[in-house]
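# Notes for the structure review
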Amino acid sequence: MVNQVIVLGSINVDSIYQVARFPQPGETISVKQKSYAPGGKGANQAVAAARSGARVSFIGAVGADNDGQEMIKTLAENDIDTSGIAVDPDNGTGSAVITVDESGQNDIMVYGGANQAMTRDNLKDLRQRLKGAKFIVAQLETPQDVTLAAFKLAKQQGVITILNPAPASELIPELLDYTDIIVPNETESELLSGIAVNDENSLLQNAEFFKNNGVENTIITLGDRGAFYATGNEHGLIPAFKVKVVDTTAAGDTFIGALVSQLDIDIKNLKAALTYAQRASSLTVQGMGAMPSIPLADEVKTALEE
């Protein structure tokens, strides 16, 4: 059965600079190549979910500029319902400057623009959109009070709420009370919990922190080590697939979008969905750029069979 997913999140246009290494403070270095690509954590996650077969509706905002129109067009071309994307006349479309070194690691600077100017008025059609939806996904590149309001509505209608707390920042405490599944990476988890992630015990302590704050299910992504999960019944580690990394941009976004496309609402197939998400993410890091490198479902399934 096709998962119906709502993504509340950011829309950015990425400027990507490929360099041999990251510069030191005050240093000027040469850029090997420059490119542009559609991106934003919300948009990436929506595209990843749609390319893996989910029916996706997007809630967000862009500026009244060419970038905004191009992003709406790009999302629509990926079979995403864009009717929930507002055009902000006062703020520009979000953007990101991404620097990628030879090992595939990246530094990212983000201009929030219309993303950060969103208000609860952007949710005026949400109650109707939640009918029939299984999941709603949000990140932290849009205002938390908007996410909280959306999650409250979702919980009233039995829709599973998934929070990707990225980029990491202090959370509105009440937000966790309305979060069913939290999906940080290890750095984000440590920043939120105050507990360093370095072994299985510390991972369990992080999961316990989130459980004590209202979140029943925790998934912590660990880069090339895999993904740790802890639910009310079990915990474990799904190993990563070993590949040659070109660019890690959107690896985490692909993971979340692919995961939500496969997950059953009772999450009993969590391990299978996590394995699928790991494989999708492993394909993304082998390409340059965020959205252009996100794989289709057939590509993921073929890779899983190899």
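The chain is annotated in an unreviewed UniProt entry as Ribokinase from Limosilactobacillus avistercoris. What UniProt records for the chain under Catalytic activity (unreviewed entry) is the sentence "D-ribose + ATP = D-ribose 5-phosphate + ADP + H(+)". Under the UniProt heading Subunit (unreviewed entry), the entry covering the chain gives this text: "Homodimer."

The positions that UniProt labels "active site" (unreviewed entry) are, in the present scheme, D253. Mapped onto the elements, D253 comes out in helix 8 (residues 251-262). Exposure remark for D253: the relative accessible area of 6% places this residue in the buried category.

Following the criterion strictly, the structure yields 9 salt bridges and no others. Measuring nitrogen to oxygen at the nearest pair gives 2.5 Å for the salt bridge that ties E102 to K32. Of this pair, E102 sits in the loop between strand 6 (94-100) and strand 7 (106-111) while K32 sits in the loop between strand 2 (12-18) and strand 3 (33-39), and the two are 70 residues apart along the sequence. Owing to a relative accessible area of 55%, E102 belongs among the exposed residues under this scheme.

Looking now at the side chain of N269. On the secondary structure map, N269 appears in the loop between helix 8 and helix 9 (270-284). Non-local contacts of N269, meaning those with residues more than four positions away in its chain, are made with Q262, L263 and D264.

Glancing now at the sheet that holds strand 6. The sheet built from 4 strands is open, its strands ordered 3-2-6-7 with mixed pairing. The two strands at the open ends of the sheet, each matched to only one other strand, are strand 3 and strand 7. Neighbour to neighbour, the strand axes of the sheet diverge by 20° on average, direction disregarded. As paired strands, strand 2 and strand 3 are joined by 7 bridges and run antiparallel to one another. Counterpart to V13 in the pairing with strand 3 is P38.

Rules used throughout
Residues numbered from 1 in each chain as written. Predicted model: local features only at pLDDT ≥ 70, side-chain atom pairs only at ≥ 80, totals over all residues. Heavy atoms only, no water. UniProt positions renumbered as here; feature names shortened; annotations may be inferred. Helix = DSSP H or I, 4+ residues; strand = E, 2+ residues; numbered from the N terminus. Buried < 20%, exposed > 50% of the residue type's maximum accessible area, 1.4 Å probe, protein only. Salt bridge = Lys/Arg side-chain N within 4 Å of Asp/Glu carboxyl O. Contact = heavy atoms within 4.5 Å. Pairing = 2+ DSSP bridges. Axes fitted to C-alpha atoms, helices over the stretch in contact; angles between N-to-C directions.

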